[in-house]
Amino acid sequence: MKIPQALRNTRYFLNGNNFNVLCLFFFLLPWMTQAHPVPPKKEFYSLLVYHLKDKGQEARLDTYCQQALIPFLHKQGFGKIGVFKPVTNDTTLYILIPSTNLEKLLKWPENALKDAAYLQNGKDYVETAWDQPVYSRMETIVLEAFPEMPQLSAPELKGPDTARIYELRSYEGSTERLYQNKVEMFNKGNEVGIFKRLGFNAVFYASVLSGSKMPNLMYMTSFESRAEREAHWKAFGADAEWKKLIGDTYYAHNVSHQDIILCHATPYSEY
């Protein structure tokens, strides 16, 4: 490395160690000032859960999603929207909305009622009569992405759409401390990493900030088929790293209840 004359002259005023450190600093300076990749911004999610009484409500809600809701959300700058239905005859519909802006995520229903296109395209939903509702009940779950997976991921599935399985899970904790312990198990304990290594095609992992079953976390994985789902969970249960993790007494008793919902994506879902 060529040392500038001014620096060479300063050697008379610096001891050898200081001079060497200064040289090292100038040698590393170009690397230190290089642009480093910016980590992805953490996302928040709104999971809308519509409970429906019959196929008539389901059809009306499908129309609303396709013609009014999803176009409005895209116009507002939201990303891909996921829409899922249970594989059973349970008439429930789940809508997954992502955003890096929590305030925007919370305010979209208010802003939608100011949008002319939304009001026109969603007229049946917005102006439905009191005795002809589009749904029996709805709930909104607000979530915050885990550090180990800060943004949604589109699953890498290649099989027929109708065979694909999306598995939505909710893990509740009996106390806030034990719930946080389970969140830590997913992140620092590398439960997320185990799922990734075993090819579970996760869509998201997140803490619930507001919902009806708190304290709880939720996550969604995906599979080519129901048979592949069974094979993946069998491999997970036999995995050495998972056995070590679940055997760690530090993580004992951190789930008091779990809900497992197997879903298909609707034809208009973007996941």
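On a predicted model such as this, the values are computed, not experimentally measured, just so you know.

A. Focus on the overall build of the protein. Scanning the protein for helices and strands turns up 10 helices and eight strands. The long-range fraction of contacts in the protein, counting pairs at least 24 apart against all pairs at least 6 apart in sequence, stands at 78%. Of the roughly 15300 Å² of accessible surface on the protein, 55% is carried by carbon and sulfur atoms.

B. Representation of a nonpolar patch on the surface within the structure. Together, Leu-113, Leu-119 and Val-126 make up a nonpolar patch on the protein surface, roughly 220 Å² of accessible area in all. Mapping Leu-119 onto the fold places it in helix α5 (residues 116–121).

C. Layout of the pairing of strand β6 (residues 204–210). Counting buried residues along β6, five of its seven residues qualify, which places the element largely inside the surrounding structure. Relative to β6, strand β4 (residues 137–145) is paired through four bridges, and the arrangement is antiparallel. By the bridge assignment for β6, Val-142 is matched with Ser-210. Relative to strand β7 (residues 216–223), β6 runs antiparallel, the two sharing four bridges. Looking at the pairing, Tyr-205 lines up with Tyr-219 of β7.

D. Structural view of the packing of aromatic side chains. Under the criterion given, the structure shown has 27 aromatic pairs. Measuring from ring centre to ring centre gives 6.4 Å for Tyr-50 and Tyr-125, while their planes differ by 75 degrees; the resulting arrangement is edge-to-face. Here Tyr-50 is found in strand β1 (residues 44–51), whereas its partner Tyr-125 is found in helix α6 (residues 123–126), with 75 residues between them in sequence. On the basis of relative accessible area, Tyr-50 is assigned to the buried category, the value being 1%.

E. How the structure looks around the packing of helix α3 (residues 55–75) against helix α4 (residues 102–112). Relative to each other, α3 and α4 sit at 120 degrees, their axes nearing to 11 Å. Considering the relative orientation of α3 and α4, their crossing is right-handed. Residues Tyr-64, Leu-69, Phe-72 and Leu-73 of α3 form the contact with α4, whose own contacting residues are Trp-108, Asn-111 and Ala-112. In terms of residue class, the contact of α3 with α4 is built from six nonpolar, one polar and no charged.

Calculation criteria
Residues numbered from 1 in each chain as written. Predicted model: local features only at pLDDT ≥ 70, side-chain atom pairs only at ≥ 80, totals over all residues. Heavy atoms only, no water. Helix = DSSP H or I, 4+ residues; strand = E, 2+ residues; numbered from the N terminus. Contact = heavy atoms within 4.5 Å. Areas by Shrake-Rupley, 256 points an atom, 1.4 Å probe, with all protein chains shown as cover. Patch = residues over 30% accessible without salt bridge, like charges linked within 9 Å, V, L, I, M, F, W, Y side chains within 5 Å. Salt bridge = Lys/Arg side-chain N within 4 Å of Asp/Glu carboxyl O. Buried < 20%, exposed > 50% of the residue type's maximum accessible area, 1.4 Å probe, protein only. Pairing = 2+ DSSP bridges. Phe/Tyr/Trp six-rings, centres within 6.5 Å; stacked < 30°, edge-to-face > 60°. Axes fitted to C-alpha atoms, helices over the stretch in contact; angles between N-to-C directions. Left-handed = near helix turned anticlockwise from the far one by under 90°. Nonpolar A, V, L, I, M, F, W, Y, C, P; charged D, E, K, R; others polar.

By themselves, these figures tell us nothing about what the structure is for.
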